[in-house]
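Here is what each chain is made of, one letter per residue.
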Amino acid sequence: MQKFARLCCMAPLFLLLGLLPFALAGHDYGQALSKSILFFEAQRSGYLPSTQRVNWRGHSGLNDGKANGVDLVGGYYDAGDNVKFGLPMAFTVTMMSWSIVEYGRQMAASGELSHAMDAVKWGTDYLIKAHPQPFVLYGEVGDGNTDHYCWQRPEDMTTSRQAYKIDPSNPGSDLAGETAAAMAAASIVFRRSNPSYSNELLAHAHQLFEFADKYRGKYDSSITVAQKYYRSVSGYADELLWAAAWLYKATNNQYYLSYLGNNGGSLGGTGWAMTEFGWDVKYAGVQTLVAKFLMGGKAGNYASVFGEYQQKAEFFMCSCLGKGGGNVQKTPGGLIFRQRWNNLQFVTSASFLLSVYSDYLTSAGKTLNCQSGRVAPSELLSFAKSQVDYILGDNPRATSYMVGYGSNYPQQVHHRASSIVSVKVNPSFVTCRGGYATWYSRKASDPNLLTGAVVGGPDAYDNFADERDNYEQTEPATYNNAPLLGLLARLHGGHSGYNQLLPVVLPMPKAQPKPAPETKTAPAQVPSSAPISIEQKMTTSWNDKGKTFYRYSTTVTNKSPKTLKSINLSISKLYGPLWGLTKSGDSYGFPAWINSLPAGKSLEFVYIHSASQADVSVSSYNLE
C-alpha cells in the first residue's frame, strides 16, 4: 500500500547513454512481459475464473458491498494488503489500457495480448459495478487501519469490508476523473473484439466525466479513510484533463477537444512542468497525450494551446534524461530516484512515457528540444530501456526487482497472500494476529511465488534489504506493473518501425503483405507559373511484418500576391490516413484551424501508406 506522493522537483540526473537502443539482447523481455501480466492474477479479488493460472489463490471478498446493498465483488487488491482502493485501481486500468493501445501488436506477436486484455477487463468489470448510478461511485472497500492490524490471506479475511462512495454531496473529482479515464482507455482496447462492451465502458466514462466536472472536490475529503494511504496531494485538476484527453482519444468528440483547449491554463495542463508521473500526479501523462494529438494533426483550433502542453511534456522528458531544467535524481547505479517508499512506481511510469514519446517523435519525424540541445528520439527509448534493465537485474546488487525473473530476486515479499501458505495446501484458518506471529515474522522465503511482481525497489544508494517487514522496499503494487506491460512489449518487439500516429486497431490483422513499390520523391505535376505550388517529399519509412510504410509530407504554397481564400484539392491513389486537411466529399480543403492562406505562405499536410506518393492536384481555388 503506497503512501501519498508530493509535488516537487528533483535533483540532477546524468543520462546513462545507450547508443544502441534496439540492441535488445541481454534480457528476455518477452518472458518478463508474461510474468508481469501474471502478477495481476495474484491480485484478483472475487470469484476466480476457471482460466486462473495463479492456482495458489482462492476466492475472496465474496460479500464485498453486501452491507451497502451493492455488488462490489471483484477487482484488484492494490498491493500487499487486502483493501480495494479505487484511485490506484483505476490508474492501473488506465495504464494497462494505454500499454495495449500503443503496443497491442507487439503483445499479440508475443502471445500475451489476450492475457493483457483479460487483466484490463477484470478491472473494468469491477469499475462498472462500482458505478451503479450516474453520480455515485464506490471508491474503496475495506480500510487500511483495520486491514493493517491483521496479517491474513484474502481467503481468510475477518477485517471490515465497509464500502465508501462519492456522490454529489460528497464529491471526488479526482476519483471520478481517473475512473472515467480508465473506462475510456479500455473502450479503445475492446472496440474491435467486443464492441458492445466497449460502448458500455464509454457510457460510464461520459457519465463519470460529467460527475467529476459538475460536482468538484477531492475524493479524500469525502472518503477520509483513504487519506493515510492514497491522499490526493495534486488535487483533481489533473484528473479532469486526463479524463478529457482519454475521452477525446476514444471518441474524437470535439467537446473534449475544446475542454482541453479551453481549460489547459486554469487546470494546470499548460502550467505545471513536472518531473513525476503516477497514480496521484497525472500532468505529464496528459501533456504527453495532448502532444500526440498535436503531432497527429488532431489539435483543431487549439494548436497553439496544445503546443504549450507539449512544451511541458518535453520538460518532463528532458528532466528524465538529465538534459533539462530541474533534472530528476538518480542512484549511483543509474536508476531514477523519487522517494524511498516504492520508488519503482515512478521508474516504470516515467519509462513508459519516455518510450511512447520517443515513438511519437519518430513517427512525426521530429526531435526533442532540451536545454542542452536537440536530442534524438532513440535516446529516450535507450534511457527507458536502461531503467527496465536495472529493474531486471542490471544494477550494482545484480538483483532482479521482478519476483520470479532471473536467479536473484526478492524472497520475502511484503504480501499477505504470498507469504502465507496457500489455502489450497493448508485450508486451516489463519487468524488476524496469528498471521503476524506465524507468517509475517518468519525468516524464510515466501511459500507462494508472486511471479511478475515488481517490488518497491532500492534506496537512493542502490541498497536493498530483502526482508518482509521492509515494506518500503519489498511491497509490490499493481501500478508498478501496469506501465511495464507496454514497455516490455515495446522492447520485446524491437525496432519494427511501426508508426504510433496511425489509427489504433487491435489486434492487428494477419493479412499477407504485398511487396512495396519503389518510393519516389518528386514535386507534384503543377506548372511552375501556377499561383499555387504543391511539393511532396517522403520523410521517413519503416518495415512492419514485411510491408514497408512511407510518411509523406506535402506542402501547398500560395505563390500569388493575393490571399488564397479557399482551395479544393483532389487526392488520388491514397491508401492510408491523412492529417492536416478537411475532407468534404471527394475533395480536401483547408484544415479547421485555417480559413485563408496569405501571399507567400504555405500549409503542410501528411499522409501514410505503403505505396508511392499519392497524386495531389488543385481542383479549384479562390484568390482575393
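Residues numbered from 1 in each chain as written. Predicted model: local features only at pLDDT ≥ 70, side-chain atom pairs only at ≥ 80, totals over all residues. Heavy atoms only, no water.

Let us now look at helix 2 (residues 86-109). Between its first and last C-alpha atoms helix 2 spans 32 Å; for 24 residues at 1.5 Å apiece the expected length is 34 Å, and the two agree. Along helix 2, the largest kink reaches about 85 degrees and is centred on Y103. Buried residues dominate helix 2, accounting for 22 of its 24 residues. Phi for G111, located one or two positions after helix 2, is positive at around 80 degrees. (Helix = DSSP H or I, 4+ residues; strand = E, 2+ residues; numbered from the N terminus. Expected span 1.5 Å × (residues − 1). Bend = angle between axes of the 7 residues up to and from the residue. Buried < 20%, exposed > 50% of the residue type's maximum accessible area, 1.4 Å probe, protein only.)

Further remarks concern the confidence of the model for the protein chain. The share of residues in the protein chain with pLDDT of 70 or more is 91%, and the mean pLDDT across the chain is 89. Between residues 2-25, whose pLDDT stays under 50, and residues either more than four places distant or in other chains, the model counts 85 contacts. Note that residues 508-529 has pLDDT below 50 and, in this model, 36 contacts with residues that lie over four places away or in other chains. (pLDDT = per-residue confidence, 0-100. Contact = heavy atoms within 4.5 Å.)

Moving on, we get to the state of the cysteines. All told, the structure shown has 2 disulfides when counted by the stated rule. Paired by a disulfide, C318 and C370 hold their sulfur atoms 2.0 Å apart. One quick way to see it: the torsion about the S-S bond of C318 and C370 is about -90 degrees, and its sign makes the bridge left-handed. Within this pair, whereas C318 is found in helix 11 (residues 303-321), its partner C370 is found in strand 6 (residues 368-370), the two being separated by 52 residues in sequence. With respect to class, C318 is no different from C370; both count as buried. Bonded cysteines in the protein chain are paired 1-4, 2-3 when counted in the order they occur along the chain. Among the cysteines around C320, which has no disulfide bond, C318 carries the closest sulfur, lying 9.4 Å off. (Disulfide = S-S within 2.5 Å.)

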